[in-house]
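# Residue-level structural notes
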Amino acid sequence: MQQTTPFEMAQEQLYACAEILNLEDDVVRILEEPMQQVQVSVPLKMDNGTTRVFPGFRILYNNVLGPAKGGIRFHPEETVDTIKALSAWMTWKCALLNLPLGGGKGGIICNPKELSEHELERLSRAYIDRIWKFIGPEVDILAPDVYTTPEIMAWMMDEYSKISGKNQFGVVTGKPVLVGGSAGRSVATAMGGMYTIREASKELDIDLSKTTIAVQGFGNAGAPAARLSQELFGAEIVAVSDSKGGIYNPDGLNVEQVIEHKAKTKSVINAPNTKTITNSEILELDVDIIIAAALNNVITKENAGNIQAKVLAELANGPTTPEADEILLKNGVHVIPDILCNAGGVTASYFEMVQNRYMFYWTAEEVYQRLDKKMTTAYHEVLYTSKKYGVNMRMGAYVVAVSRVVDAMKLRGWV
Ligand code: NAD
């Protein structure tokens, strides 16, 4: 049987929400597809003098609440379907956090690991040369995502600024701090996730200092999440994993040591005092909290019944399929859904845009304080709504977010 694609999954979630909200058909027709899809061919002069051409995309899903916002992925297996799904989730995420932004996403199908630093820079600039007419601080704002970095954001901002004839820091977020980036942005996704876990623990009466946590994925989102869970809560991180597999120690891992080991060997595998486990085993461990921070579609109807954790925190986008959601709900697993759990990243990106406009920059503490307020408010809106409608947390989040988008479309006369 064919697996549900990420965009089919995003549409299914929207249709389920439309039923709860009793949305009119014409409203759903507008919301079920992106408003604009741009496809470009990006030529790259290679270091050896030949030229290669890479497919690039930028999708604007919906901008009724404000300019679109969303990351750029450089990945060899990127697909338009995934980018469409991610642009939809960005729309709901921004609405859920009450940000004056719409949703977008983009990417280039390429393998950045096979490109030299100079090739990567030329490719980033060439992509902007192709799409500049469709982006801008008041139109669509880019950000880093899988395999794109603050350095790449600086090149993209610089290229757009050259084309515009003036500095345009606000066209891209996730920039290095010296050229318009925000303090605290690099750990904001993980930090935002921590605030939602803290609120969930109050709701479920869990003492976080006595919990065990497993983290799938040890990259920009997962590694700081493991470190912060220890630092902020005193929780025990018993397992982490990356693309090569996982490591486990029931007595707790030394996260700093694992970070050092990964920096040296490129993987968490074989870190001192650990047993190797698989990426499916990590999800089924007897722990209190699972943080999914790697890929989409990892919790399916095949393994959802084996999840023993009380809380599943979705730092990754789309880790749980709709069938798995039903099983988790039946088994009483409290899911902190992706559009809520990982919204710290886009919220800090929004703060970066605000600071760029004001040309006045905040400390990391100020960023975290504002982030805490936003995430905590959104968590409780989702919890309240899920109870009010008798639905799971994901649908609670959808109801809050989609209602805002639909109300704005009505106010603007779109429907
Ligand atoms: P990343 O590339 O920095 O890290 C991804 C991690 O997942 C790496 O440790 C990688 O080894 C691991 N991984 C890859 N394949 C795996 C597999 N088959 N099994 C287990 N682990 C595997 O990416 P990231 O920025 O940390 O993003 C991870 C997820 O979080 C993505 O879904 C992304 O969209 C989402 N997210 C990230 C941010 C952010 O600010 N970084 C914000 C919102 C959402």
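Cut-offs and rules
- Residues numbered from 1 in each chain as written.
- Predicted model: local features only at pLDDT ≥ 70, side-chain atom pairs only at ≥ 80, totals over all residues.
- Heavy atoms only, no water.
- Pairing = 2+ DSSP bridges.
- Helix = DSSP H or I, 4+ residues; strand = E, 2+ residues; numbered from the N terminus.
- Expected span 1.5 Å × (residues − 1).
- Buried < 20%, exposed > 50% of the residue type's maximum accessible area, 1.4 Å probe, protein only.
- Contact = heavy atoms within 4.5 Å.
- 1 Å grid on protein atoms, 1.4 Å probe; cavity = no way out; pocket = protein on both sides within 12 Å on 5 of 7 lines; lining within 4 Å.
- Points joined across faces, edges and corners; volume = space filled by probe spheres on them.
- Nonpolar A, V, L, I, M, F, W, Y, C, P; charged D, E, K, R; others polar.
- Domains from an automatic or database assignment.
- Buried area = accessible area lost by both parts, 1.4 Å probe.
- Polar contact = N/O pair within 3.5 Å; in protein donor to acceptor, adjacent residues only side chain to side chain.
- Axes fitted to C-alpha atoms, helices over the stretch in contact; angles between N-to-C directions.
- Core = buried A, V, L, I, M, F, W, Y, C linked by side-chain atoms within 4.5 Å.

## Looking at the pairing of strand 2 (residues 51-62)
Here strand 1 (residues 36-45) runs beside strand 2; their pairing, made up of 10 bridges, is antiparallel. Note on strand 2: the bridge partner recorded for V42 is F54. Pairing between strand 2 and strand 4 (residues 102-108): 6 bridges, direction antiparallel. Bridging from a neighbouring strand, L60 pairs with G104 of strand 4.

## Brief notes about helix 12 (residues 344-358)
Each α-helix turn comprises 3.6 residues. Residues three or four places apart therefore point the same way. When the terminal C-alpha atoms of helix 12 are compared, their 21 Å separation across 15 residues agrees well with the 21 Å that a helix rising 1.5 Å per residue should span. Buried residues of helix 12: G344, G345, V346, T347, A348, S349, F351, E352, M353, Q355 and N356, and no others. Buried-residue contacts for helix 12 involve strand 3 (68-74), helix 3 (80-96), strand 5 (140-144), helix 6 (188-204) and helix 13 (364-389). One or two steps after helix 12, the chain reaches M359, where phi turns positive at roughly 55 degrees.

## Considerations on the environment of T196
Structurally, T196 can be placed in helix 6. Residue T196 is classed as buried on the basis of its relative accessible area of 1%. Sequence separation between T196 and N342 is 146 residues, and the spatial gap between their C-alpha atoms is 9.2 Å. With residues up to four places along the chain from it excluded, the contact list for T196 reads I336, L340, C341, M375 and Y379.

## A few points about the layout of surface pockets
Roughly 300 Å³ of internal volume is contained in the second largest pocket. If you trace the second largest pocket, you find 18 residues lining it, with L329, V333, H334, V335 and M393 closest to the centre. For the lining of the second largest pocket, the elements supplying multiple residues, two or more each, are helix 6, helix 10 (322-330), strand 12 (334-336), helix 13 and helix 14 (393-411). Residues belonging to the lining of the second largest pocket are distributed by class as follows: 9 nonpolar, 4 polar and 5 charged.

## Notes on the domain arrangement of the protein chain
With domains assigned, the protein chain is organised as domain 1 (33-171) and domain 2 (188-341). One C-alpha centre belongs to domain 1, the other to domain 2, and the line joining them spans 29 Å. At the junction of the two partners, domain 1 supplies 6 residues and domain 2 supplies 5 residues. Carbon and sulfur atoms supply 65% of the area that domain 1 and domain 2 bury against each other, a total of about 570 Å² over both sides. When the buried area of domain 1 at its contact with domain 2 is split by residue, W89, K93 and L96 rank highest and sum to 65% of it. In this structure, the connection of domain 1 to domain 2 is made through 1 residue pair in polar contact (both at pLDDT 80 or more).

## A word on the sheet that holds strand 4
One open sheet accounts for 5 strands, arranged 1-2-4-3-5; its pairing is mixed. On the outer flanks of this sheet lie strand 1 and strand 5, each paired with one strand and no other. The sheet shows a mean angle of 25 degrees between the axes of neighbouring strands, direction not considered. Here 5 bridges tie strand 3 to strand 4, and the two strands are oriented parallel to one another. Paired with R73 across the bridge in strand 4 is G107.

## As for the nonpolar core
Soluble globular proteins tend to bury their nonpolar side chains together. Ranked by internal contacts, the top residues of the largest apolar core, which has 90 residues, are W92, V240 and I291. No other element matches the 12 residues that helix 14 contributes to this core. Counting the residues that make up this core, at least three belong to each of domain 1 (33-171) and domain 2 (188-341). Those residues within four positions of V240 in sequence are excluded, and the remaining contacts are V215, F218, A226, G246, I247, L253, V258, V268 and I282. Counting 27 residues, the second-largest nonpolar core is a separate cluster that includes V40, M46, M156 and M157.

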